[in-house]
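# Notes for the structure review
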Amino acid sequence: MECPRGEGEEVLVVRNKQVILKDYVCGFPKETDFEIKTSDVRLKVEEGSGGVIVKNIYLSVDPYMRLRMRKPQPNPSYFASYSPGSVVSGNGVARVVESGHPNYKKGDLVRGITGWEEYSVITTPDTLFKIQTTDIPPSFYLGILGATGLTAYVGLHEICSPKKGEYVFISAASGAVGHLVGQLAKLKGCYVVGSAGSDEKVDLLKSKCGFDEAFNYNKEQDLDAALKRGKMLDAVLLNMRLHGRIAVCGLISQYNMDKPEGVKSLMLLVSKRLRMEGFMVADYYHMYPKFLDEAISYIREGKIVYVEDTVEGLESCPGALMGLFKGRNVGKQVVRVGQDEVIDK
């Protein structure tokens, strides 16, 4: 479809499918919390605006997005809430189809914050980053080569700083961050144990990701058999060695609760001289170039197995998000939105 835009100039207008958050979400997200809409978008940026229009190829589905679906809180989380009636936004990999910014040209492959939609108009493209590497699948920049991988790297190396021979335990170990942390710890010469929610995930951790041991927490009638009695964090605290370190990058089990659960064993932080530290990966973006070089080397040398769970079509985004909280995904959850001539060659 074309429409006139000034004398002698025509602008392409395309249909743009979008995922809209209908209202704030209570409890577990449901399909009815979202709506698929289609509208027109002009593939032309305003002259002098510096904006960029991209065609989305892969979209990231992440647990933190659930926090953005709550009503604004008195003590806000680290991400602002979405506005009801707006397009859900998150990390994506996309192809530039029109640019008014000097750093980007038509055809560039980029990663950054986009929308859950086929085309996104980005008015602040300084948040985008060009993807230069051509021998690695572009979707990896949403996981192992993106914020997910950097989270794993920072949590292990900067917060926990394990030494060779030390023991490392990872909860949600078959998830996007967890399966990478375990492999990084193995590269450091650590003994690695992980928990996961199914026998298949346990097998993945041990057979493909190289974990020394793993267990299915859904089959432990009493976590004493694996980590001693209690909920996961309480059980971990009971089993920590003196001067142990705990890195906290999220609490996915709490995101759908109105009132978070408490922890009973916090006094062990004192008696065992433990350090538990939460962190936000955004505070460590200055480390990204160093991390990227290392991660690309690990991939090329086959030292890390990266697990990606890909579903097809924009309409799959809400279901993929809900699956994160039901343990359906294995590894990093991404949605493939559309075709790309470079990817499909």
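Thresholds applied
Along every chain, residues carry numbers that run from 1 in the direction the sequence is written. Reporting in this predicted model follows two pLDDT cut-offs: at least 70 for local features of residues, and 80 or more for side-chain atom pairs to be given and counted; totals over whole chains, interfaces and linings ignore these cut-offs and use all residues. Water and hydrogen atoms were dropped before computing side-chain values, which therefore reflect all heavy atoms in the structure. Put simply, DSSP H or I for four residues or longer makes a helix, DSSP E for two residues or longer makes a strand, and each gets a number counted from the N terminus. Every radius of gyration here is taken over C-alpha atoms, with the globule rule written as 2.2 Å times N^0.38, N being the number of residues. Each residue is assigned to one of three classes by its accessible area relative to the maximum for its type, calculated with a 1.4 Å probe on protein chains only: buried under 20%, partly exposed between the two thresholds, exposed over 50%. By definition in these notes, contact holds between two residues if any of their heavy atoms fall within 4.5 Å. Note on areas: these come from Shrake-Rupley sampling with a 1.4 Å probe, and a residue is covered only by the protein chains present in the view. In this count, Lys and Arg are taken as positive residues and Asp and Glu as negative ones, while His and the chain termini are left out. Each charge is placed at NZ for Lys, CZ for Arg, CG for Asp and CD for Glu. Any two strands are treated as partners once DSSP identifies two or more bridges connecting them. Here, axes are lines fitted to C-alpha atoms. For helices the fit covers the stretch in contact, and angles between N-to-C directions go from 0 to 180 degrees. In these notes, a set of buried Ala, Val, Leu, Ile, Met, Phe, Trp, Tyr and Cys residues joined through side-chain atoms within 4.5 Å is what counts as a nonpolar core. Lining residues are those with an atom within 4 Å of a point, where the points come from a 1 Å grid over the protein atoms alone and group into cavities, where a 1.4 Å probe fits but cannot get out, or pockets, open sets with protein on both sides within 12 Å along at least five of seven lines. Grid points are joined across faces, edges and corners, and a volume is the space filled by probe spheres set on the points. Throughout, the ten residues Ala, Val, Leu, Ile, Met, Phe, Trp, Tyr, Cys and Pro are labelled nonpolar, Asp, Glu, Lys and Arg are labelled charged, and all others, Gly among them, are labelled polar. Stacked, tilted and edge-to-face pairs are distinguished by plane angle, under 30 degrees for stacked and over 60 for edge-to-face with tilted covering the rest, among Phe, Tyr and Trp rings (Trp via its six-membered ring) whose centres lie within 6.5 Å. The rule is short: NZ of Lys or CZ of Arg within 6 Å of the ring centre and within 35 degrees of the ring normal puts a charge over the ring.

An unreviewed UniProt entry lists the chain under the name 2-alkenal reductase (NADP(+)-dependent)-like isoform X2, from Rhodamnia argentea.

## A few points about the overall build of the chain
A tally of regular secondary structure across the chain gives 8 helices and 15 strands. Taken over the C-alpha trace, the chain has a radius of gyration of 22 Å; the compact-globule value for 345 residues is 20 Å, and the two agree within 12%. Counting only C-alpha atoms, the chain reaches 75 × 45 × 35 Å along its principal axes. Here the chain, with 345 residues, has 49% of them falling under the buried criterion. For the chain, restricting intrachain contacts to residue pairs at least 6 apart in sequence, the fraction spanning at least 24 positions comes to 68%. Carbon and sulfur atoms form 52% of the exposed surface of the chain, whose accessible area is close to 17700 Å². Charged side chains of the chain number 44 positive and 43 negative; the gap between the two group centres comes to 7 Å.

## Some words on the sheet that holds strand β9 (residues 167-170)
Sheet architecture is open: 3 strands sit in the order β9-β10-β11, paired in parallel fashion. In this open sheet, the two strands that pair with only one neighbour each are β9 and β11 (213-216). Mean inter-strand twist for the sheet, computed between neighbouring axes without regard to direction, equals 15°. Inspection of the sheet shows β9 paired to strand β10 (residues 191-196) by 4 bridges, in the parallel sense. Residue pairing in the sheet places Y167 in a bridge with Y191 of β10. Across the sheet, helix α3 (residues 178-187) lies against β9 and β10, angled at about 170° from β9, the strand it touches most.

## Some words on unusual backbone geometry
Not every positive phi belongs to a glycine, and S161 is a case in point at roughly 45°. Among the structural elements, S161 can be located in the loop between α2 (147-160) and β9. The partly exposed category is assigned to S161, whose relative accessible area is 35%. For A172, which is not glycine, the phi torsion reads 50° and is therefore positive. Considering the arrangement of structural elements, one finds A172 in the loop between β9 and α3.

## Regarding the nonpolar core
Counting residues in hydrophobic clusters, the biggest one holds 48 residues, and the most contacted among them are Y141, I144 and L145. Those elements that provide at least two residues to this core are β4 (52-60), α2, β9, α3, β10, α4 (199-207) and α7 (288-300). Per-element accounting of this core gives the leading share, 7 residues, to α7. Look past the residues within four positions of I144 in its chain and what remains in contact with it is G149, L180, F291, A295, I299, I304 and Y306. In terms of nonpolar packing, the next biggest core, distinct from the first, is built from 22 residues, V25, L59, L324 and V337 among them.

## What to know about empty space enclosed by the protein
The final tally for this structure, using the stated rule, is 1 cavity of 30 Å³ or more. One number sums up the size of the largest cavity: a volume of about 60 Å³. Every residue lining the largest cavity is listed: I144, G149, A152, Y153, L180, L184, F291, A295, Y298 and I304. Elements supplying a minimum of two residues to the lining of the largest cavity: α2, α3 and α7. Partitioning the lining of the largest cavity into residue classes produces 9 nonpolar, 1 polar and no charged.

## Details of the packing of aromatic side chains
This structure, assessed with the given rule, holds 7 aromatic pairs. Here the aromatic rings of Y167 and Y191 are separated by 4.9 Å at their centres, their planes lie at 40°, and the arrangement is tilted. A residue pair is termed long-range when its members are at least 10 positions apart, and Y167 in strand β9 and Y191 in strand β10 qualify at 24 residues. Of the residues examined, Y191 reaches a relative accessible area of 34% and is grouped as partly exposed. Three or more aromatic residues joined by ring pairs make a cluster, and in this case those are Y153, Y288 and F291. Here the basic side chain of R241 rests over the ring of Y167, its NZ or CZ set 4.2 Å away from the ring centre.

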